[in-house]
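Below, each chain spelled out in residue letters.
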Amino acid sequence: MSLPPLFGLGGLGALLLAMAEPFGHARHHPELQLRFLNGSSEVQSSYDYVIVGAGTAGLTIADRLTADGNSTVLVVENGEVVDSPRIDQVYSGGAAMGPTWSYQINSVPQANLRNRTAAVLAGNLVGGSSAINAMMTVRGTSEDYDRWGSFFGNESSWSWDGLLPYLKKALNFVPPGLAVAESVNITYDTSYWGNNSGVYVGWPSFQWPGLTTQIEAFKDIPGVEFPTDSGSGKAGVYWFPTFMDPKKVQRSYARTGHFDGINRINHDVVTKSKVTKIMLEDGIATGVVFRQKTGNATTYTTVKANREVILSAGAIHSPQLLQLSGLGPRKLLESAGINTTVDLPGVGQNFQDHPMMFMSIVLQNFTTHPSPSDMFGNSNFSDWAQEVWRANKTGPYSMGIGNAAAWLGMPVISPDRFEEIASELENQDHGAQLPPDTDPTVIAGYSAQMKNMAASIRSSNTAFYNHVLSGSGSSGPLIDLHPLSRGTVNINTTDPFNTEPIVDYRALANPVDLEIMVEFLRFTKRYFFETRLKELAPRQMQPPDYVNEPEDLASFLVQNLSPSEFHPSGTCAMMPKELGGVVDESLKVYGVKNLRVVDASIMPTLPGANTCQSVYAIAEKAADLIKADM
């Protein structure tokens, strides 16, 4: 069917609300509370490996460790197995987000954001956050991964070259269809991708034609590169795929890739079970205790790990569980009445997430159609879109949040100020940017990070700025890919075993963050008003166009900034112990044998990208590290 005539231009905000409407309701499977693939009715008393968390990393590791049949694995998950059209749905990328399948956690009031609190989203179901994220398949630049290993020295395998094989192994790349690729000039290079994983990344069968206008405008800005593939490890403006099975046109995630269809007698998963403690004997992790609640009854089960306990509970709950088990900052544990087994000051520190800001600029003379606004502002087009979706799952409903974006370094964003900003960060008192009672090793680690970040501000290949392109006549949200402020995730000392941890983003604690974000606003205005887009009559809506002075832009950010893009990371950092590290390069917890952490919490610094793809790669590498120790 040909496209219908188009007219009208609505607001992107209304479109996003319309996109988020669910297509159906969830179906829970209480009979799968215990999933025992050998037909047993009870958890066995011991396994070779006990993995805490059936999320992005946990399911990947369990799949890899059980594939040869030589090792037994139990995965303990707090959430349930959930089937829902909202999870499967690719369209909009946001249908599964929100509190339904996430832990119910809010941050403490943020002092630098006028005491606003923020939701802390972390997936609470089999599949973890990969089941509810926006499905953006993006990896960092080569410098992001080289930075991780640099804290250990130049020979570390935690580098771009060391991680690229795992980034490729983790995913099964399916190229876009020829017609849609040619219609908007999508480029890709399969040499950066694998094709053997059960986790698929693919492309929609439709793209908004206005994306080419937005991409071409970046050619008017000096220094912007256009990498041929999002996986090349280079900053710039490029196309990227979606975590989706292109045949089914459904979300592809840890559950579909590493859980569904697996039938192994050595692979068990227990759900609706909260791990409350890691069992330790003479400095050795020997198993875990988990709690199940049925009605008013609560039962506790201890299961032994013959080889290792692997903690994959995510950046919010992995540090909490270490602290509850006596592994963490001594002063914190003592205040909660918990005996300190290993004094590890870095546990729960170094908390990072990607801050998100909203700047609204509208192109008043934008006339390219179809556009996203036609999905709700033009009945002919929306009827057509629904018709082709029902017929063969093609058209606009096959699109997620988007597939094109700018990921740019500070020399491009702020050519006049990046050196000044880098020098300020380099020379500041780094310890003064952390809480007053911060351990000296954590301060040393933060200082090492900030010196590296100062160098990265001077580099065009560390992306600080992210702007996802919409294909419409308006701007999208802006993301700070490398925040310099560090928060904390610590147990609630008044009731540590029955409450969620206390999450503090400490947003804008480092004042250089605000300077960088002001430059983001100024660059975005430059993009709309000083490139070929100026011919489309741009109008700045938010902040108002008279707000131009740096101090006024900073005030706008304080009022409107979100401290989170739902990418919590860093709280069990892979760094040397003398730099506040929690795990070493083998992801083993310092001071304890047979205990590893494998999830986003081990990232010492955030990658300049959505975190999901990096977590898959971490898990794939960890599986090889674990098998090497068998």
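Residues numbered from 1 in each chain as written. Predicted model: local features only at pLDDT ≥ 70, side-chain atom pairs only at ≥ 80, totals over all residues. Heavy atoms only, no water.

A. How the structure looks around empty space enclosed by the protein. Within the structure shown, the criterion is met by four cavities of 30 Å³ or more. Estimates place the volume of the largest cavity at around 150 Å³. Lining the largest cavity are 19 residues; nearest its centre among them are Gln 349, Asn 350, Val 442, Tyr 446 and Arg 486. At four residues, the largest contribution of residues to the lining of the largest cavity is made by helix α15 (residues 440–457). A per-class count over the lining of the largest cavity returns seven nonpolar, 11 polar and one charged. By volume, the second largest cavity is sized at about 110 Å³. Forming the boundary of the second largest cavity are 13 residues, of which Asp 353, Pro 355, Pro 483, Tyr 505 and Ala 507 lie nearest the centre. For the lining of the second largest cavity, the residue count by class is eight nonpolar, three polar and two charged. (1 Å grid on protein atoms, 1.4 Å probe; cavity = no way out; pocket = protein on both sides within 12 Å on 5 of 7 lines; lining within 4 Å. Points joined across faces, edges and corners; volume = space filled by probe spheres on them. Helix = DSSP H or I, 4+ residues; strand = E, 2+ residues; numbered from the N terminus. Nonpolar A, V, L, I, M, F, W, Y, C, P; charged D, E, K, R; others polar.)

B. Here's a closer look at the nonpolar core. Counting 157 residues, the largest nonpolar core has Phe 218, Leu 322 and Leu 408 as its most contacted members. The element that contributes the greatest number of residues to this core is helix α16 (residues 511–529), accounting for 10 residues. The contacts of Leu 322, once residues within four sequence positions are left out, are Ile 278, Leu 311, Leu 327, Val 347, Cys 572, Val 582, Val 589, Leu 595 and Val 597. In terms of nonpolar packing, the next biggest core, distinct from the first, is built from 14 residues, Val 138, Phe 240, Met 356 and Ala 463 among them. (Core = buried A, V, L, I, M, F, W, Y, C linked by side-chain atoms within 4.5 Å. Buried < 20%, exposed > 50% of the residue type's maximum accessible area, 1.4 Å probe, protein only. Contact = heavy atoms within 4.5 Å.)

C. Seen up close, the pairing of strand β19 (residues 404–408). Taking burial as the measure, the five residues of β19 include five buried ones, the bulk of the element. Here β19 shows two buried faces, one formed by Ala 404, Ala 406 and Leu 408 and the other by Ala 405 and Trp 407. Both strand β8 (residues 236–239) and β19 contribute to a ladder of four bridges, which runs antiparallel. Among the inter-strand pairings, Gly 236 is bridged to a residue of β19, identified as Trp 407. Both β19 and strand β20 (residues 465–468) contribute to a ladder of four bridges, which runs antiparallel. Counted as the bridge partner of Ala 405 is Val 468 from β20. (Pairing = 2+ DSSP bridges.)

D. A look at unusual backbone geometry. In this structure, Pro 370 follows His 369 across a cis peptide bond, with omega equal to 0 degrees. Mapped onto the fold, Pro 370 is located in the loop between β18 (360–363) and α11 (374–377). At the junction of Gln 542 and Pro 543, the peptide bond is cis and its omega measures out at -5 degrees in the coordinates. Along the chain, Pro 543 falls in the loop between β24 (538–542) and α17 (550–560). The phi torsion at Ser 92 lies on the positive side, around 85 degrees, for a residue other than glycine. By the secondary structure assignment, Ser 92 is in the loop between α3 (85–88) and α4 (142–150). For Asp 282, which is not glycine, the phi dihedral falls at a positive 55 degrees. Along the polypeptide, Asp 282 turns up in the loop between β12 (274–281) and β13 (284–294).

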